[in-house]
Amino acid sequence: RPVIRGSFVTVTVLILGALLFSSAAFVNIQPGYVGILFDRTTGNVSPSFLRPGYGFKIPIIQSVQEYPISTQVLTMISKEREGKVIGDDSVKAQSVEGQDIYIDVTIKYHVKAEFAGELFKKWAGQTIAYIEDNAVRRAARSVIPIIAGKMTVIGIYGNERDTLEHNSFNLLREELSKDYLELESVQIGEVHISAALRTSLELKVAAQQAAERAKFELEQAETQAKTAATVARGKADGRAAEAKGESDYVSILAKGKADAR
């Protein structure tokens, strides 16, 4: 009986070990992600990646890191408890005049699937959350101030945000590509400035709008005046032509009568 009992325990342990080993060999890659296979014994990264669904690895020897190939959204704004950072997370910049401004930004990006292994190696197997903080966020804080520093504060605060978005996108795309990340969009949100500067800008914008409106009204009045003058000249020319025609007709009749005599 002790021999049978010992054999039973041994078999049970082996079965449990086999089950644990087999379960540890399975990996489940989430939809929208790819898996990078890393060999701990050699330090090598598999040249291919695991696609969404079930895959296999050698327990203990191999590990899998997942990276998203679907759209990731990084929101950097000044409002507390909105976005991934508690507190003011907006991008600080200075305009060409040296005025401090704080810009809300939303960045959309994803990992290039075919370069996920290179991303893993460059960042030593760090998670996408770590890479986002140390690559995407840092690049945004570097790039956007460079673009904003070449623009006027009234342009950034007013009607040139599209320019800020476009130029920031081009430069940020170059920076993120170095980390094997594909930039999808840069969206400029609210621009925060001091209350005094905001009041000054609003007055300046109002004055510019009033000047533009006055210029438009003047041009419209001049156009209307030119149109009226053209119409009047046309009428005068028409009357003159009509009078000349009548005069010529009378002259012809008079000459005809004279010749008849």
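Preceding this section is the structure that the text describes.
The structure contained in this document is the topic of the report that follows.

A word on the pairing of strand β8 (residues 100-111)
The element β8 is largely enclosed, with a buried count of nine among its twelve residues. Here strand β6 (residues 72-76) pairs with β8 via five bridges, running antiparallel. Residue Met76 lies in a different strand from β8, and its bridge partner there is Val105. Where strand β7 (residues 91-94) lies against β8, four bridges are found, and the strand directions are antiparallel. The partner of Ala93 across the bridge, within β8, is Ile101. Counted between consecutive antiparallel strands, the loop separating β7 from β8 contains five residues, among which Gly98 sits at a positive phi close to 90°. When β8 meets strand β9 (residues 181-192), the two strands line up antiparallel, connected through nine bridges.

Some points on the packing of helix α3 (residues 128-148) against helix α5 (residues 161-177)
A pair of packed helices can be characterised by two numbers: the angle between their axes and the separation between those axes. α5 packs onto α3 with a crossing angle of 140° between their chain directions and a minimal axis gap of 9 Å. Relative to α5, α3 is oriented oblique. The hand of the α3/α5 crossing is right-handed. Facing α3, whose interface residues are Ala135, Val136, Ala139, Ala140, Val143, Ile144, Ile146, Ile147 and Ala148, α5 presents Leu164, Asn167, Ser168, Leu171, Leu172, Glu175 and Leu176. Residues belonging to the contact of α3 with α5 are distributed by class as follows: 13 nonpolar, two polar and one charged.

A few points about the nonpolar core
Counting 45 residues, the largest nonpolar core has Tyr67, Ile101, Ile103 and Ile107 as the members making the most contacts within it. For this core, the element with the highest residue contribution is α3, accounting for ten residues. Once you skip the residues sitting within four places of it in the chain, Ile101 turns out to touch Val91, Lys92, Ala93, Gln94, Ser95, Ala148, Val153, Ile156, Val191, His192 and Ile193.

With respect to the pattern of salt bridges
All chains considered together, the criterion is met by seven salt bridges. One salt bridge connects Arg137 with Asp133, and the closest N-O pair in it is separated by 3.1 Å. Of this pair, Arg137 and Asp133 both sit in helix α3, four residues apart, roughly one helical turn. Among the residues examined, Arg137 registers a relative accessible area of 8% and is labelled buried. What you see here is one network of salt bridges that share partners, running through Asp89, Asp133, Arg137 and Arg141.

A few points about unusual backbone geometry
For Ala124, which is not glycine, the phi dihedral falls at a positive 50°. Inspection of the secondary structure assignment puts Ala124 in the loop between α2 (116-122) and α3. The exposure class assigned to Ala124 is exposed, which follows from its relative accessible area of 65%. The residue Tyr180 is not glycine, and still its phi comes out positive at about 60°. On the secondary structure map, Tyr180 appears in the loop between α5 and β9.

A short note on the sheet that holds strand β2 (residues 33-39)
Read across the sheet, three strands follow the order β3-β2-β5 without closing on themselves; strand pairing throughout is antiparallel. Looking along the sheet, the strands with just one partner apiece sit at the ends: β3 (45-50) and β5 (62-68). The average undirected angle you get between the axes of adjacent strands in this sheet is 25°. By the bridge criterion, three bridges tie β2 to β3 in an arrangement that is antiparallel. Directly across from Gly35, in β3, lies its bridge partner Leu50.

What about the pairing of β2?
In terms of burial, β2 is largely enclosed, as six of its seven residues are buried. In this sheet, β5 lies alongside β2 in antiparallel orientation, the contact comprising seven bridges. When the sheet's bridge partners are listed, Ile36 is paired in β5 with Gln65. The antiparallel hairpin formed by β2 and β3 contains five residues in its connecting segment, where Gly43 sits at a positive phi of about 75°.

Cut-offs and rules
- Residues numbered from 1 in each chain as written.
- Predicted model: local features only at pLDDT ≥ 70, side-chain atom pairs only at ≥ 80, totals over all residues.
- Heavy atoms only, no water.
- Buried < 20%, exposed > 50% of the residue type's maximum accessible area, 1.4 Å probe, protein only.
- Helix = DSSP H or I, 4+ residues; strand = E, 2+ residues; numbered from the N terminus.
- Pairing = 2+ DSSP bridges.
- Axes fitted to C-alpha atoms, helices over the stretch in contact; angles between N-to-C directions.
- Parallel < 35°, antiparallel > 145°, perpendicular 65-115°, else oblique.
- Left-handed = near helix turned anticlockwise from the far one by under 90°.
- Contact = heavy atoms within 4.5 Å.
- Nonpolar A, V, L, I, M, F, W, Y, C, P; charged D, E, K, R; others polar.
- Core = buried A, V, L, I, M, F, W, Y, C linked by side-chain atoms within 4.5 Å.
- Salt bridge = Lys/Arg side-chain N within 4 Å of Asp/Glu carboxyl O.

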